[in-house]
Amino acid sequence: MAPAVTTLAADAPALSAANTGFMLICSALVMLMTPALAFFYGGMVRVKSTLNMLMMSFISLGIVTILWVLFGFSLAFGTDAGSLIGWSSDYVGLSGIGITELWDGYTIPVYVFAVFQLMFAIITPALISGALADRVKFTAWALFITLWVTLVYFPVAHWVWGAGGWLFEMGVIDFAGGTAVHINAGAAALGVILVIGKRVGFKKDPMRPHSLPLVMLGAGLLWFGWFGFNAGSWLGNDDGVGAVMFVNTQVATAAAMLAWLAYEKIRHGSFTTLGAASGAVAGLVAITPSGGAVSPLGAIAVGAIAGLLCAMAVGLKYKFGYDDSLDVVGVHLVGGVAGSLLVGLFATGGVQSDAKGLFYGGGLEQLGKQAVGVFAVLAYSLIASAVLALVIDKTMGMRVSEDDEVSGIDQVEHAETAYDFSGAGGGITGRGTSVATPVLSENKKVDA
């Protein structure tokens, strides 16, 4: 993420229509990623949980938007207070910002920067939802989002990207969200599932994806939107850094997908569509913090390493017994950690900054900084998220009842079902042959 600059030079740049338009397009691309995530997750759950999974992402669009306008932008990017949080009264309600007022040191309006960052704030809690599929009350989830973005995301965003934030001042490199978004969400997911426990039937009943086409559609849209997520994080298009990030995003994602598929073939004997989609997302996650610091060859290494590590990590839930429903920990936490630490190895010193990694003569200094950022965010988010989940669980209850979970959370929480089979009964063909449609009974088996 391009850093905030607190003072304006006498020759401060004027508003750039090109950069402003570019950033508005990038903001729209990042917004698209939340519905894309909803499809990605929605296809991976069973039929009876599809709508709930979609809604757990969509509700973030509503809640986080309002919180961001009221106070979130101020907490994340306001004037630093003690290196831990920001606050600027002009940013409260976005009420004190002029329509042509520029973000300090850049050529885009403050409003454009604010809306771009809003889209990051929206998708981060939505990422957590994949770990909690099938079993969380919708009201409890909405309350959790409200508390989590306020107490975890907004402060961490300030640490990493805000002028004066302690990780920013230390020199931790996080171009577009490896720590603030992916490690933050992955650690939060782990903290919550350790509190609320496993799904009914975990490791006993089949819990296969009900629609792999939806998964692939979601993954493709995520890949598309991620170009705005990553390339837009330089806040302009004047010096070529955003272009390098665009290229590295494509390269690392391709490498990770291939690495995941190779691992699957060797380990399980098949190339799966779920593996292709998951591998692509793992590459996108890993290149997010590192893509502004590495070369395209480095991006291949980052993607391949992340794809392999994440493919191996998704099986850990069965070994250690935590129910990460859709592999948020295995992909986002592990991928975020890998991408953030690999900056300390592959940073060339010739893209976003002059910081060099170990393989480019920089020694261990940058790797040490990256490790501090990784483990600080991981520990804070894990602990804070577990505490929030525990408080909600002990007060209003975090989980639906076992009977409701078995019968289907869509009907219980939303009074709807994803697919209407009422018109799919038996019929008579033109040649007088009675044909029964087995779709409903098959989905009942999937839901069991």
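Here the structure is a predicted model, which is why all the values come from computation and not from measurement.

What counts, and at which threshold
- Residues numbered from 1 in each chain as written.
- Predicted model: local features only at pLDDT ≥ 70, side-chain atom pairs only at ≥ 80, totals over all residues.
- Heavy atoms only, no water.
- Salt bridge = Lys/Arg side-chain N within 4 Å of Asp/Glu carboxyl O.
- Helix = DSSP H or I, 4+ residues; strand = E, 2+ residues; numbered from the N terminus.
- Buried < 20%, exposed > 50% of the residue type's maximum accessible area, 1.4 Å probe, protein only.
- Core = buried A, V, L, I, M, F, W, Y, C linked by side-chain atoms within 4.5 Å.
- Contact = heavy atoms within 4.5 Å.
- Expected span 1.5 Å × (residues − 1).
- Bend = angle between axes of the 7 residues up to and from the residue.
- Polar contact = N/O pair within 3.5 Å; in protein donor to acceptor, adjacent residues only side chain to side chain.
- Phe/Tyr/Trp six-rings, centres within 6.5 Å; stacked < 30°, edge-to-face > 60°.
- 1 Å grid on protein atoms, 1.4 Å probe; cavity = no way out; pocket = protein on both sides within 12 Å on 5 of 7 lines; lining within 4 Å.
- Points joined across faces, edges and corners; volume = space filled by probe spheres on them.
- Nonpolar A, V, L, I, M, F, W, Y, C, P; charged D, E, K, R; others polar.

Trainee: When you look at the pattern of salt bridges in this model, what are you seeing that I'm missing?
Mentor: Side chains bearing opposite charge may pair, as long as their charged atoms lie close to each other. According to the stated counting rule, one finds seven salt bridges in the structure shown. The partner of Arg-46 in a salt bridge is Asp-134, and the shortest N-O contact between them spans 3.1 Å. On the criterion of sequence distance, the pair formed by Arg-46 in the loop between helix H1 (17–44) and helix H2 (50–77) and Asp-134 in the loop between helix H3 (110–128) and helix H4 (138–161) is long-range, its members being 88 residues apart. Assessed through its relative accessible area of 3%, Arg-46 is described here as buried. The buried category is assigned to Asp-134, whose relative accessible area is 3%. Here Glu-405 makes a salt bridge to Arg-399, at a shortest N to O gap of 2.7 Å.

Trainee: It is not clear to me how unusual backbone geometry should be interpreted in this structure. Could you clarify?
Mentor: Across residues other than glycine, the phi torsion is negative in most instances, and most of the peptide bonds are trans. Its identity as a non-glycine residue notwithstanding, Ser-83 has a phi of 70°, on the positive side. Summarising the element assignment, Ser-83 is placed in the loop between strand E1 (80–81) and strand E2 (85–86). Of the residues examined, Ser-83 reaches a relative accessible area of 26% and is grouped as partly exposed. At Asp-327, a position not held by glycine, the phi torsion is positive, near 65°.

Trainee: Any chance you could explain the nonpolar core here in plain terms?
Mentor: Phe-40, Phe-73, Trp-103 and Leu-132 are the most contacted members of the largest nonpolar core, which has 111 residues in total. Looking at this core, the element that brings in the most residues is H4, giving 15 residues. When neighbours within four sequence positions are excluded, Phe-73 is seen to be in contact with Trp-68, Gly-78, Tyr-91, Leu-94, Ile-97, Trp-103, Val-110, Phe-113 and Ala-114. By size, the runner-up hydrophobic cluster in this structure holds ten residues, among which are Ala-286, Val-294, Val-302 and Leu-342.

Trainee: Sorry if this is basic, but what is going on with helix H7 (residues 212–231) here?
Mentor: An α-helical turn contains 3.6 residues, so a residue and the one three or four places further along point in the same direction. Here H7 contains 20 residues, and its C-alpha end-to-end distance of 29 Å stays within 8% of the 28 Å for a straight helix at 1.5 Å per residue. Maximum bend of H7: about 30°, positioned at Gly-225.

Trainee: Can you help me understand the side chain of Lys-48 in this one?
Mentor: Mapped onto the secondary structure, Lys-48 falls in the loop between H1 and H2. Separated by 3.5 Å, the side chain of Lys-48 and the backbone oxygen of Glu-405 make a polar contact.

Trainee: Even after reading the chapter, I still don't get the packing of aromatic side chains, so can you show me in this structure?
Mentor: The description of two aromatic rings rests on the distance between their centres and on the angle between their planes. All chains considered together, the criterion is met by 25 aromatic pairs. Pairing Trp-103 with Phe-113 gives two aromatic rings, centres 4.1 Å apart and planes at 15°, and the pair type is stacked. Of this pair, Trp-103 sits in the loop between E2 and H3 while Phe-113 sits in helix H3, placing them ten residues apart in sequence. In terms of burial, Trp-103 and Phe-113 fall into one category: buried.

Trainee: Whenever I open this one, empty space enclosed by the protein confuses me. Can you help?
Mentor: A probe as big as a water molecule, rolled over the atoms, marks out the empty space that is left. Scanning the entire structure with this criterion turns up two cavities of 30 Å³ or more. Roughly 80 Å³ of volume is contained in the largest cavity. Phe-40, Tyr-41, Met-44, Trp-260, Ser-278, Val-281, Val-314, Leu-326, Asp-327, Val-328, Val-331 and His-332 are the residues that line the largest cavity. For the lining of the largest cavity, the secondary-structure elements that each account for two or more residues are H1, helix H9 (273–290) and helix H12 (328–346). Along the lines of polarity and charge, the residues of the lining of the largest cavity split into nine nonpolar, two polar and one charged. Each pocket or cavity is described by its volume, and for the second largest cavity that value is around 30 Å³. In this structure, the second largest cavity is lined by Met-44, Val-45, Arg-46, Ala-133, Asp-134, Arg-199, Met-207 and Leu-326. Counted by class, the lining of the second largest cavity contains five nonpolar, no polar and three charged residues.

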